[in-house]
Amino acid sequence: MPSSPLTAPEIATLVARLEGGRRRLRLRSERDRIDLLGRVAATWLDDGLADAAAEVGRTTGYAPAMIETCLQRTLRAWSARALHDLVPRATTAAPGSVATPPDLVVAVLAQNTPGLAIAPTFTALALGSAVLLKSSRGEPSFAPELVERLAAVDPVLGEAAAATVWAGGDPIESELFARASRVVVYGGQDAIDRARSLAGERVLAFGPRVSVAVVGPGARVSETAAALARDVAFLDQRGCLSPQCVFVHESVDRTALARALADELTSVEAEWPRRALDAFAAREFRAAVEDAEARSLAGAEVELFGGVRDPWAVVVEPERAILPSPLDRFVRLHPFLGEETLRTSLEPIRGLLECVGVSGGTTELVDGVRTLGAARVCAIGEMQDPPADWHAGGRRPIAAYLSWSNPLLGEAGEEPDRRARFLAHVAQTSDAPRGIDVDRAHGSWVVDRSGRRHLDLLAGIGVAAIGHAHPRVAAAVARQATQYTHLMVYGEDVLAPQVDLAARLASKLPPHLSMTYFTNSGAEAIEGALKLVRKATGRKRVLAFEGSYHGDTTGALALGGNAFYREPFRPLLEPVEHLPWNDPSALVRIDDATAAVFAEPVQAEGGVRIPSPDFLPRLAARCREVGALLVLDEVVTGLGRTGRWFGFENWPGSEPDVLVLAKSLGGGLPLGAFVSSPNLLRALSEDPPLGHVTTFGGNPVCCAAALASLDVLESDGLPDRAARVGDRFRARLSALVGRGVVDVRGIGMLIGIELESPERTVAFVDACRRAGVLLGWTLHHDRVVRLAPPLTLEDGEMDIALRVIERALSSSP
């Protein structure tokens, strides 16, 4: 294996050699290829793995005996029998579809797990693809030995495989990735992001994941401790299969289990001594031990076993919530009472959960664990002995190597069945739907069925303000769904979630905005507000602004400020007139025949257009002067998005007569509202009575979700955080002005990036999407890209977004 980076001629020679090997490999049947790979595994097992384990141990510091066990398990898992079962199933397409294997797989092994090269190598060669292995600089020995073993069994296998090493970010990386049909990355998020910036959707990523153990009420302490100790110690808890915390049912004596586990870890240390820690890891381990000691001395119900002079530590924790662990044989034991409390504890890592080891679990508990999205559920003691093809949350990674084509798809790269049904049966309103096959979403991330993560800078078009699938919202929905899900919701029955939510909104608003009418969406709330202002004032004329967006139902569309979208659907609601935005001289057109003026505090779809400091106060004053009502549409800007609870609070004196809310109000569930005074809203209950009704608006489950979302916004201080983080985000984006960016503007976490042309905007958005960052251009301004990420966006996520945005600007024409 080359010890220094390859030159351009060497790359060309290497790729040509791999291509020749691939062509000869494809002349063989799938069965023959698999049988040959089975011989590689079998002969290596027969010859013994001690020498390979010793070499890997020398470079990684892992115990050679432990490495030998790891390699034995991996080679047995990737036997001919396993491949004969897995590969045909993975390559079987839906009727009319064709699965095409890649020509060249580049596998980036950016972590030191022994034997990691076996999975991508055996997968690629079984499919008839060439494979180039990029070893970790911390473990460069195993991959070239694997290639030698392949060549020893069959020269064609050896010709179709190669191993090398280079530093991440080396220029040869872009050259090799450009030649690869599929880039497979095992490593941290930085390595994955770098690969995606170069290879886009050709990347198949196996990133950081987490495993846990669950000790149920029927567990036997001594047997569980013995099995658990080996799962914990294996590879010094660095593999994603190592239990990084243990949940223990409250009927089990946790102190006894911790003591027994400590004794077993002492025994394991003699067989598999822990690797020497570097300075950083040693400080982390010591700090965690000292923290446990300090909490115990302070009276917390914390017990510590080991960790002072021992190369391991076991901490009995009183809390159910997961605490960070330094790994390296540091184990925390958390309590749980039942399936529901366990689910709540694990919710923060749902999208990262790889394996759950169970001991003493009931059938109900095991079934409940299986719903948490882990790739594997197995017995404690078997966590470190997975079958082949287990990665990526069990989402058939062998199939993910393939490109799929189907007449219904019009493109390659997707498993065909669900996408084909999507195109055939779900109405699309664009000719190029984004088409992400979503598996799950949590926080700022959306994960597709292949396991690829997408950073969502749109938050589901501003809905997921507290992040996707927040556990407090999920818990509130589950609780309410067990009580009642639906009754008469339009002010006839007293429904606690609805009443509590209306009161909560009133507590955040000026005194006159004290009564709420709930709807299903923002557009429905706009329709209700239209009826309200005309009925309450007895006037018909309504004004709105050029560039505005209020929804796509008939009345809301009439208010919209873009004739391109209005004209095909006429006749619409009349009379509606549109004023120029942010032009005080136009306010004179508001007269005593005007029922109301509809406005957004910030025009989001209009290109994130922010008014001058005095425009909204002057608009409110003019409405008061002529007796017109001011309706502020805060579907986008409300509930923390602009750095205040409500957007109008940024412009004192602009308080509306009617406030419209939706999007983030429901915490991810459909919910809208228009809020006004009891005196005005009385107009909908008189002449005629039931002047406005709704079947589902204010559904109690949705209101429960909204209350939980408000709790998070308040307890986590997210409106204030949006102001601070938004300022930093805009400042960093502003550095890109002049590099294809004309302007960066916004308020709080509502940001607009204006580019030089519509064509460049489309290319930029597409480049970001291919690199795993989701954003979109605004509906009424085709040169502006809107960012409305979750208000919980972390600094590290902002860094990822900025790196992708910068590269996308460089790559888009």
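Not measured: the values here are computed from a predicted model. (Residues numbered from 1 in each chain as written. Predicted model: local features only at pLDDT ≥ 70, side-chain atom pairs only at ≥ 80, totals over all residues. Heavy atoms only, no water.)

A description of the overall build of the chain should follow, citing residues and the corresponding values.
In terms of regular secondary structure, the chain is built from 30 helices and 29 strands. Expected size for 813 residues packed as a compact globule is a radius of gyration near 28 Å; at 30 Å, the chain falls within 12% of this value. Counting all 813 residues of the chain, 56% fall into the buried class. Of the contacts formed within the chain by residues at least 6 apart in sequence, a portion of 72% connects residues at least 24 apart. Summing over all exposed atoms, the chain offers an accessible surface of approximately 31,800 Å²; the carbon and sulfur share of this is 53%. Distance between charge centroids for the chain: 2 Å, based on 86 positive and 101 negative side chains. (Helix = DSSP H or I, 4+ residues; strand = E, 2+ residues; numbered from the N terminus. Rg over C-alpha atoms; globule rule 2.2 N^0.38 Å. Buried < 20%, exposed > 50% of the residue type's maximum accessible area, 1.4 Å probe, protein only. Contact = heavy atoms within 4.5 Å. Areas by Shrake-Rupley, 256 points an atom, 1.4 Å probe, with all protein chains shown as cover. Lys, Arg positive; Asp, Glu negative; His and termini not counted. Charge placed at Lys NZ, Arg CZ, Asp CG, Glu CD.)

Explain unusual backbone geometry to me, using residue names and the numbers behind them.
With omega at 5 degrees, the peptide bond leading from Arg 570 into Pro 571 counts as cis. Pro 575 follows Glu 574 through a cis peptide bond whose omega is -10 degrees. You can see Pro 575 is positioned in the loop between α24 (563-566) and β20 (576-579). The phi angle at Asp 687 is positive, at roughly 45 degrees, despite the residue not being glycine.

Explain the nonpolar core residue by residue, including any values.
Counting residues in hydrophobic clusters, the biggest one holds 88 residues, and the most contacted among them are Trp 78, Phe 122, Leu 133, Leu 146, Leu 261 and Leu 333. In terms of residues, this core owes the most to one element, helix α12 (residues 254-271), which gives seven residues. Not counting residues within four places of it along the chain, the set of residues in contact with Leu 133 comprises Ala 107, Ala 117, Pro 120, Thr 121, Ala 143, Leu 146, Val 147, Ala 162, Ala 163 and Thr 164. By size, the runner-up hydrophobic cluster in this structure holds 87 residues, among which are Leu 543, Leu 619, Trp 645 and Ile 747. (Core = buried A, V, L, I, M, F, W, Y, C linked by side-chain atoms within 4.5 Å.)

Explain the packing of aromatic side chains residue by residue, including any values.
Inspection of every chain in the model, using the stated rule, returns 10 aromatic pairs. Between the aromatic rings of Trp 44 and Phe 142, the centroid separation amounts to 5.4 Å while the plane-to-plane angle is 5 degrees, which identifies the pairing as stacked. On the criterion of sequence distance, the pair formed by Trp 44 in helix α2 (residues 30-47) and Phe 142 in helix α7 (residues 142-153) is long-range, its members being 98 residues apart. Assessed through its relative accessible area of 2%, Phe 142 is described here as buried. Consider the rings of Tyr 517 and Phe 674, whose centres lie 5.1 Å apart with planes at 20 degrees: the pair is stacked. Taken together, the residues span a long stretch of sequence, with Tyr 517 in strand β18 (residues 515-519) and Phe 674 in strand β24 (residues 672-676) at a distance of 157 residues. Phe 674 carries the same exposure label as Tyr 517, and that label is buried. An aromatic cluster is defined as three or more aromatic residues linked by ring pairs; in this entry it consists of Phe 545, Trp 581 and Phe 615. It is Arg 230 that lies over the ring of Trp 272; its NZ or CZ is 4.3 Å from the centre. Residue placement shows Arg 453 over the ring face of Trp 445; its charged tip is 4.0 Å from the ring centre. (Phe/Tyr/Trp six-rings, centres within 6.5 Å; stacked < 30°, edge-to-face > 60°. Lys NZ or Arg CZ within 6 Å of the ring centre and 35° of its normal.)

Report on the sheet that holds strand β12 (residues 353-359), specifying residues and quantitative values.
Taken in spatial order, the seven strands of this open sheet run β9-β10-β11-β8-β7-β12-β13, and their pairing is mixed. Each end of this open sheet is capped by a strand with a single partner; those strands are β9 (303-306) and β13 (376-379). Between one strand and the next, the sheet's axes are offset by a mean angle of 20 degrees, whatever the strand orientation. Of the pairings in the sheet, the one linking strand β10 (residues 313-316) to strand β11 (residues 330-336) comprises four bridges and is parallel in character. Paired with Val 316 across the two strands is Leu 333, which belongs to β11. Strands in contact with helix α13 (residues 279-297) are β9, β10 and β11; relative to β11, the strand with the most contacts, it is inclined by about 40 degrees. (Pairing = 2+ DSSP bridges. Axes fitted to C-alpha atoms, helices over the stretch in contact; angles between N-to-C directions.)

Any details on the environment of Leu 402? Residues and values, ideally.
Residue placement: Leu 402 occurs in the loop between α17 (397-400) and β14 (403-405). Relative accessible area serves as the criterion here: at 2%, Leu 402 is assigned to the buried category. For the pair Leu 402 and Ser 507, spaced 105 residues apart in sequence, the C-alpha to C-alpha distance is 55 Å.

Now, about the sheet that holds strand β4 (residues 161-164): what can you tell me, with residues and values included?
With respect to topology, five strands assemble into an open sheet ordered β4-β3-β2-β5-β6, the strand pairing being parallel. Among the strands making up the open sheet, the edge pair consists of β4 and β6 (203-206). Averaged over neighbouring strand pairs, the angle between their axes works out to 15 degrees when direction is ignored. Across four bridges, the pairing between strand β3 (residues 130-134) and β4 is parallel. From the neighbouring strand, Leu 132 faces β4, where its bridge partner is Ala 162. Contacts from α7 reach β3 and β4, with the element oriented near 160 degrees to β4. Contacts from helix α10 (residues 189-199) reach β5 (182-186) and β6 within the one sheet, and its direction differs from that of β6 by about 175 degrees.

So what's going on with the pairing of strand β29 (residues 781-787)? Residues and values would help.
Within a regular beta strand, the side chains point alternately toward one face of the sheet and then the other, so they alternate between its two faces. Among the seven residues of β29, five are classified as buried, and the element is accordingly described as predominantly covered. Pairing between strand β26 (residues 750-755) and β29: four bridges, direction antiparallel. Bridge pairing links Ile 753 to Val 785 in β29. The sheet contact formed by strand β28 (residues 776-778) and β29 spans three bridges and is antiparallel.

Can you explain the pattern of salt bridges? Please cite residues and give values.
All told, the structure shown has 43 salt bridges when counted by the stated rule. Glu 567 is the salt-bridge partner of Arg 570, the closest N and O atoms lying 3.0 Å from each other. For Glu 567, a relative accessible area of 42% corresponds to the partly exposed category. In this structure, the salt-bridge partner of Arg 783 is Glu 754, at a minimum N-O distance of 2.7 Å. Placement of the pair is Arg 783 in strand β29 and Glu 754 in strand β26, with a sequence separation of 29 residues. Residue Glu 754 is classed as buried on the basis of its relative accessible area of 10%. Each of Glu 19, Arg 22, Arg 23, Arg 26 and Asp 103 takes part in a single network of salt bridges with overlapping partners. (Salt bridge = Lys/Arg side-chain N within 4 Å of Asp/Glu carboxyl O.)

Any chance you could break down α12 for me, citing the residues and the numbers?
Under the 1.5 Å per step criterion, the end-to-end length of α12 is 26 Å for 18 residues, consistent within 8% with the ideal 26 Å. Buried within α12 are the following residues: Leu 257, Ala 258, Ala 260, Leu 261, Ala 262, Leu 265, Val 268 and Glu 269. Here the buried face of α12 lies against β7 (210-215), α11 (221-233), β8 (243-249), β9, β10 and β11. You can read the cap of α12 off the contacts: a side-chain oxygen lies 3.1 Å from the backbone nitrogen of Thr 255, and it is on Asp 253. (Expected span 1.5 Å × (residues − 1). Polar contact = N/O pair within 3.5 Å; in protein donor to acceptor, adjacent residues only side chain to side chain.)

Account for the packing of α2 against helix α6 (residues 118-126), with residues named and values stated.
Viewed as axis vectors pointing N to C, α2 and α6 meet at an angle of 150 degrees, and their least axial separation amounts to 9 Å. Relative to α6, α2 is oriented roughly antiparallel. Across from Glu 30, Arg 33, Ile 34, Leu 37, Val 40 and Ala 41 in α2, the residues of α6 making contact are Phe 122, Leu 125 and Ala 126. Taken together, the residues of the contact of α2 with α6 sort by class into seven nonpolar, no polar and two charged. (Parallel < 35°, antiparallel > 145°, perpendicular 65-115°, else oblique. Nonpolar A, V, L, I, M, F, W, Y, C, P; charged D, E, K, R; others polar.)

Pulling in residues and values, what's your account of the side chain of Thr 121?
Turning to its location among the elements, Thr 121 is positioned in helix α6. On the accessibility criterion, Thr 121 (0% relative accessible area) is buried. If we ignore the near neighbours within four places in the chain, the residues touching Thr 121 are Val 131, Leu 133, Leu 146 and Leu 150.

I'd like a rundown of empty space enclosed by the protein, residues and numbers included.
Counted under the stated rule, the structure contains six cavities of 30 Å³ or more. The computed volume of the largest cavity comes to approximately 70 Å³. Lining the largest cavity, in full, are Leu 109, Gln 111, Asn 112, Thr 113, Gly 115, Leu 116, Ala 117, Ser 135, Ser 136, Glu 139, Phe 142 and Ala 143. Tallied by class, residues from the lining of the largest cavity come to five nonpolar, six polar and one charged. (1 Å grid on protein atoms, 1.4 Å probe; cavity = no way out; pocket = protein on both sides within 12 Å on 5 of 7 lines; lining within 4 Å. Points joined across faces, edges and corners; volume = space filled by probe spheres on them.)

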